[in-house]
Amino acid sequence: MTNSTLVTRGLGALLALVVILLVVGQLLGQPILLGYVATGSMEPEIDAGDGFVAVPSVVTGPVEEGDVVVFQARDLNGGGLTTHRVVDETEVGYVTKGDANPFTDQDGGEPHVTEGQIVAEAWQVNGKVVTIPHLGTAIMGFQSAVQSGVETVTSVFGVTTGSSNGLGALLVGVGVAMLGFGTLLERLGPGRRETSRSRSRENVIAFWTALGLVLLVFVTFATAAMVVPSGTTEYGLISSESPTDDPQIVAPGETSELTRTVDNAGYLPIVVAHEAESGGIGVEPRSQTIGIRDSGEATVTLSAPEQTGEYTRHLGEYRYLAVLPPSVLLWLHGLHPLAAIAAVNVVIVGIAVAIVLLLFGSDDIRVRSAGSHVPLSTRLKRRARRWFRDWK
C-alpha cells in the first residue's frame, strides 16, 4: 500500500469521524468534541460557519465571566443550542451575549441561563476561541443535501421523518451505512490484491469486520435509546401575591407539587435518575426502575422565591437500559452519566458477541453467487448441526 493511499484513507477516516461527531452531537443535543455556529452573532471571535472545539461542561469546572458556552436556549433559535459568551452572573443565572449583538440575550427576552442548560464550553487559548474555519459550512451543506434526499424518498413512500431527533437518527444511520458499505466494497472489490488464501478469497467477508459493523449499529441504537429521551425539562414558575390552583403560580416563599410521568415505550426495562439542575426544585423518588412498555410517576417540588416575578426551574432526567443491576447503574451515574452509558454498551456488545459466536462460530462469511445460492434457513441448520456435533 503506497503512502498516498494511506494518506487518502487517513483523511477519509478523519472526515468521516468529524461528520459523525457533529451529527451525533446534534442528535444528542450535546456537542461531542466539536461544534459550530450557523450565524454571525459571535463575530469576529467565531465567524458564521466556523467550527470550534467543544469541551463538555462536566469537565470544565465552574463557568466564569468571559467563557463562551453552548447552552440549550429557551427562546433563542427556537429553543435550540446557542453559542454565546457569559458577560455576567446573577443570583438567578448567567447573562449571555453574542459578541456581535448590541444587547444581551436577556434584554431580548431570553431567561437567565442556568447551570442545567449549559452543555459545553468552547476551548479557549490565551482568551481566544480555538476555531476550525468553514467546518460548520461543510457540515450544514452535508446535512442539507441528506435532508433533501430524505424528504424526497419519504415523500415517495409517504413516511414522515418527525422531529429533528428523528432526522438526526437518519443522518447517523446514513453515516454508518456509508462506512459499512465502504468497508465491504473494499474487501470485495476486484482491485484488491490477494495476500493470503484464507483471508482474501473472492466473495468472502471477514467475520470480525461484519460483526464490528453490526455491533456499531447496536451500540448506536442503544445509545440513542438512552440519550434521546433524556435531557433537561424546564418548569416555569411565577412567584405572585395572587396565587392560584395552578402549581406553577405560587405565593412568595411557598412551595408546590406537580406530578411528572415517566414513560418507557421500549422492550427493555430502564433505570431513570432525576437530578435538580437549578435551585428551587426537588424530586422524589430520585431514581426508579420502569418496566417494559410501562410508566412511572415522580413528584416535582417547586419553591418560589420571596421576591415576586417569573422564574425557571430545571430538572434533569437520565435513562439507562437495565442490563445491569439498578444500584450499579446509579453508582456509575454518580461517577458520570457517560460511565453508565459506556457500561451498558459494553454489556450489550458482550452479549451480542457471545450469541453470534455460539450460533455461527467465527468463520468468514462467504457471499455466494446466484447460481450457488444456499437459503439462509439451510445455512442456519448446517451451523446448528455442526455445533451440536462438536458439543457432543
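As shown above, the structure is provided for reference.
Structure report, in brief. Please read all numbers here as calculations on a predicted model, not as lab measurements. Residue numbers restart at each chain and count upward from 1, following the sequence in its written direction. Where local features are concerned, this predicted model is filtered to residues with pLDDT of at least 70; where side-chain atom pairs are given and counted, the filter is 80 or more; whole-chain, interface and lining totals use all residues. Each side-chain value is worked out from all heavy atoms of the structure, with water and hydrogens disregarded.

1. Some remarks on the pairing of strand S15 (residues 281–284)
1) Next: Exposure classes here rest on a 1.4 Å probe applied to the protein chains alone. A residue is buried below 20% of its type maximum, exposed above 50%, and partly exposed in between. Secondary structure follows DSSP: runs of H or I at least 4 residues long count as helices, runs of E at least 2 residues long count as strands, and numbering of each begins at the N terminus. Side chains of S15 alternate between two faces, with Ile 281 and Val 283 buried and Gly 282 and Glu 284 left unburied.
2) Next: Should DSSP find at least two bridges between two strands, the strands are regarded as paired. As judged from the four bridges shared by S15 and strand S17 (residues 294–303), these two strands associate in the antiparallel manner. Paired with Val 283 across the bridge in S17 is Val 300.

2. Some words on unusual backbone geometry
The phi torsion of most residues other than glycine is negative, and most of the peptide bonds are trans.
1) Next: At the junction of Glu 43 and Pro 44, the peptide bond is cis and its omega measures out at 0° in the coordinates.
2) Next: Turning to its location among the elements, Pro 44 is positioned in the loop between strand S1 (33–36) and strand S2 (51–56).
3) Next: Along the chain, Glu 284 connects to Pro 285 via a cis peptide bond; the corresponding omega equals -5°.
4) Next: For Pro 285, the position within the fold is in the loop between S15 and strand S16 (287–290).
5) Next: Unlike most non-glycine residues, Asn 126 shows phi in positive territory, near 55°.
6) Next: You can see Asn 126 is positioned in the loop between strand S7 (124–125) and strand S8 (128–129).
7) Next: Accessibility expressed as a relative area gives 78% for Asn 126, which makes it exposed.
8) Next: Positive phi values are uncommon outside glycine, yet Arg 293 reaches one of about 45°.
9) Next: Mapped onto the fold, Arg 293 is located in the loop between S16 and S17.

3. Focus: the sheet that holds strand S12 (residues 249–250)
1) Next: Spatial strand order, S12-S11-S18-S14-S16: five strands in an open sheet with mixed pairing. The sheet terminates laterally at S12 and S16, the two strands that pair on one side only.
2) Next: Pairing of strand S14 (residues 270–276) with S16, which is carried by four bridges, proceeds in the antiparallel orientation. Bridging across to S16, Val 271 finds its partner in Thr 289.
3) Next: Any two residues having at least one pair of non-hydrogen atoms within 4.5 Å are treated as being in contact. To obtain each axis, a line is fitted to C-alpha atoms, and for helices this fit is confined to the stretch in contact; angles are then taken between N-to-C directions over 0 to 180 degrees. Across the sheet, helix H5 (residues 326–335) is in contact with S14, S16 and strand S18 (309–321); its angle to S14 comes to roughly 35°.

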